[in-house]
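Survey of secondary and tertiary structure
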Amino acid sequence: MTVTTPRAGLGTVLAQWGRIGCIGFGGPPAHIALLRKLCVDDRRWLDAREFEDAVAACNLLPGPSSTQLAIYCAWRVRGRAGALAGGAAFILPGLVAILALAALFLGDPPTWLRAAGAGAGAAVAAIALQAGWSLVPPGWLRAPQQSSRLRWSAYLLLGAVAAGTIGPWLVVLLVACGVAEVLAQRVPSGPSRRATALPMLAAAGAGGGVLAALAWTALKVGALSYGGGFVIIPLMQADAVGQHHWMTAAEFLNAVALGQITPGPVVHTVAVVGYAAAGLGGGLLAAAVAFSPSFAFILLGADRFDRLRGNRYVRAFLDGAGPAAIGAILGSAAPLARALTEPWQYAILTGAALLTLALRRGPVLTLLAAATAGVAIVLAGGSLPH
């Protein structure tokens, strides 16, 4: 894994990774399947074992794992230039789409569009529950011993409670759970450097105006969130709605829904937060800061993935931070549900929960159905959220 002989031209990388960026609806499972089909099945740029090892290694890293996998595969195909080109091509289609939609929803949208947003936003809490619940069985199986399962359950509960209470400091709890598990497993080295860096980064984000605060929020999303996906939602909600008041609760629900119905990773949601805080420049800044760590992890460390997977400290840390992140995803449903203001939105939330949890429908279909229901209810006389 340390040698990256060119296997395709940059033009091919741009075209193929851009294609996946355009059709990559459905989150990480869809992205992984598309990358596997391209790199392993169709073009045979990577063998199956190497691809699986890359998936496992990217899951050990904080941040959006499917984005890191896309960058890694492009690195294997065309080196550093390929990683930059492929990663950008994978990210940009969804980013352009979500910024265009943000301009519509955060401007002066017509009534039907506000109704669609209110309906889709009402379903977001159900999507969060489904996302978290799907991670519980594999996480539980990775903790085979009774003592480790007790700690796993404690970390899960702590993450769930923290997501609904401590907001912007959730990342500190995730790190603390990782440190606790390192100590519980008696791994020699400890993550003190990472833990002590957090207060300094927090202080950097506390001053310097909107852009500094926005950059700090985006950095937490891209570099300090373990578990990816919906674990970033309570972090962003606490900063964007509760602390800095860049958005209303209803607008934030719309932002999360937009992150689900556009292609690419959920991390794109941070671009909507950036747009609300500082316009188009803020959206681009938030996206650049959030995705930069993913590029850095691959460009600086991809040739060390074998050692990363075998590192006892890394595995122990994620044995603690991982279940806390799953708990945070589940717990994020509470503040998302509390943001609803109209009785009919709770009815849509109930229907969305049935679609996702009982009927196992995907997030895109669920959100589109909820948006359609929102339009119908408002046109029939229902009130729009304030």
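Relevant structure appears above.
Calculation criteria
- Residues numbered from 1 in each chain as written.
- Predicted model: local features only at pLDDT ≥ 70, side-chain atom pairs only at ≥ 80, totals over all residues.
- Heavy atoms only, no water.
- Helix = DSSP H or I, 4+ residues; strand = E, 2+ residues; numbered from the N terminus.
- Buried < 20%, exposed > 50% of the residue type's maximum accessible area, 1.4 Å probe, protein only.
- Contact = heavy atoms within 4.5 Å.
- Areas by Shrake-Rupley, 256 points an atom, 1.4 Å probe, with all protein chains shown as cover.
- Core = buried A, V, L, I, M, F, W, Y, C linked by side-chain atoms within 4.5 Å.
- Salt bridge = Lys/Arg side-chain N within 4 Å of Asp/Glu carboxyl O.
- Patch = residues over 30% accessible without salt bridge, like charges linked within 9 Å, V, L, I, M, F, W, Y side chains within 5 Å.
- Polar contact = N/O pair within 3.5 Å; in protein donor to acceptor, adjacent residues only side chain to side chain.
- Expected span 1.5 Å × (residues − 1).

Side note on the overall build of the chain
The helix and strand inventory of the chain stands at 19 helices and zero strands. Considering the chain as a whole, with its 386 residues, one finds that 53% of them fall into the buried category. Taking the intrachain contacts of the chain between residues at least 6 apart in sequence as the baseline, contacts between residues at least 24 apart amount to 75%. Summed over its atoms, the accessible surface of the chain is roughly 15,900 Å², and 65% of this surface lies on carbon and sulfur atoms.

Remarks on the nonpolar core
Core analysis: the largest hydrophobic core is formed by 123 residues, its most contacted members being Trp17, Ile233, Phe252 and Phe305. By residue number, the principal contributor to this core is helix H4 (residues 65–105), which donates 17 residues. Counting five residues, the second-largest nonpolar core is a separate cluster that includes Val136, Ala143, Leu156 and Ile326.

Examining unusual backbone geometry
Phi angles above zero are rare outside glycine, and Arg44 is one such case at about 55°. Assignment of secondary structure puts Arg44 in the loop between helix H2 (28–42) and helix H3 (48–59). Even without glycine at this site, His245 takes up a positive phi of about 60°. When you line up the elements, His245 lands in the loop between helix H12 (232–243) and helix H13 (249–261). Judged by its relative accessible area of 59%, His245 is exposed.

Some words on the pattern of salt bridges
Note on pairing: side chains with opposite charge can pair once their charged atoms come close. Inspection of the entire model under this criterion finds six salt bridges. Ionic pairing is found between Arg151 and Glu181, a salt bridge with its closest N-O pair at 2.8 Å. Taken together, the residues Arg151 in helix H8 (residues 146–163) and Glu181 in helix H9 (residues 170–184) connect sequence positions 30 residues apart. For Arg151, a relative accessible area of 24% gives the class partly exposed. Classification of Glu181 as buried rests on a relative accessible area of 3%.

What about a nonpolar patch on the surface?
The grouping of Leu129, Trp133 and Leu357 at the surface amounts to a nonpolar patch, some 300 Å² of accessible area in total. In this structure, Leu129 sits in helix H6 (residues 124–133). Judged by its relative accessible area of 33%, Leu129 falls in the partly exposed class.

A few points about the side chain of Thr366
Checked against the element boundaries, Thr366 lands in helix H19 (residues 363–379). There is a polar contact of 2.9 Å between the side chain of Thr366 and the backbone oxygen of Gly362. When neighbours within four sequence positions are excluded, Thr366 is seen to be in contact with Ala123, Ile127, Ala352, Leu355, Thr356 and Arg361.

Structural notes on H19
With 17 residues, H19 should cover 24 Å at 1.5 Å per step; its first-to-last C-alpha distance of 24 Å lies within 8% of that length. Buried within H19 we find Thr366, Leu367, Ala370, Ala371, Gly374, Val375 and Val378. Elements that come into contact with the buried residues of H19 comprise helix H5 (111–122), H6, H13 and helix H18 (343–358). Phi turns positive, to about 120°, at Gly381, one or two residues after H19.

So, H5
For H5, spanning 12 residues, the distance from its first C-alpha to its last is 16 Å, which sits close to the expected 16 Å at 1.5 Å a residue. Taken across its 12 residues, H5 has nine buried, putting it largely inside the fold. Every buried residue of H5 is listed here: Leu113, Ala115, Ala116, Gly117, Ala118, Gly119, Ala120, Gly121 and Ala122. The inward-facing, buried residues of H5 contact H4, H6, H13, H18 and H19.

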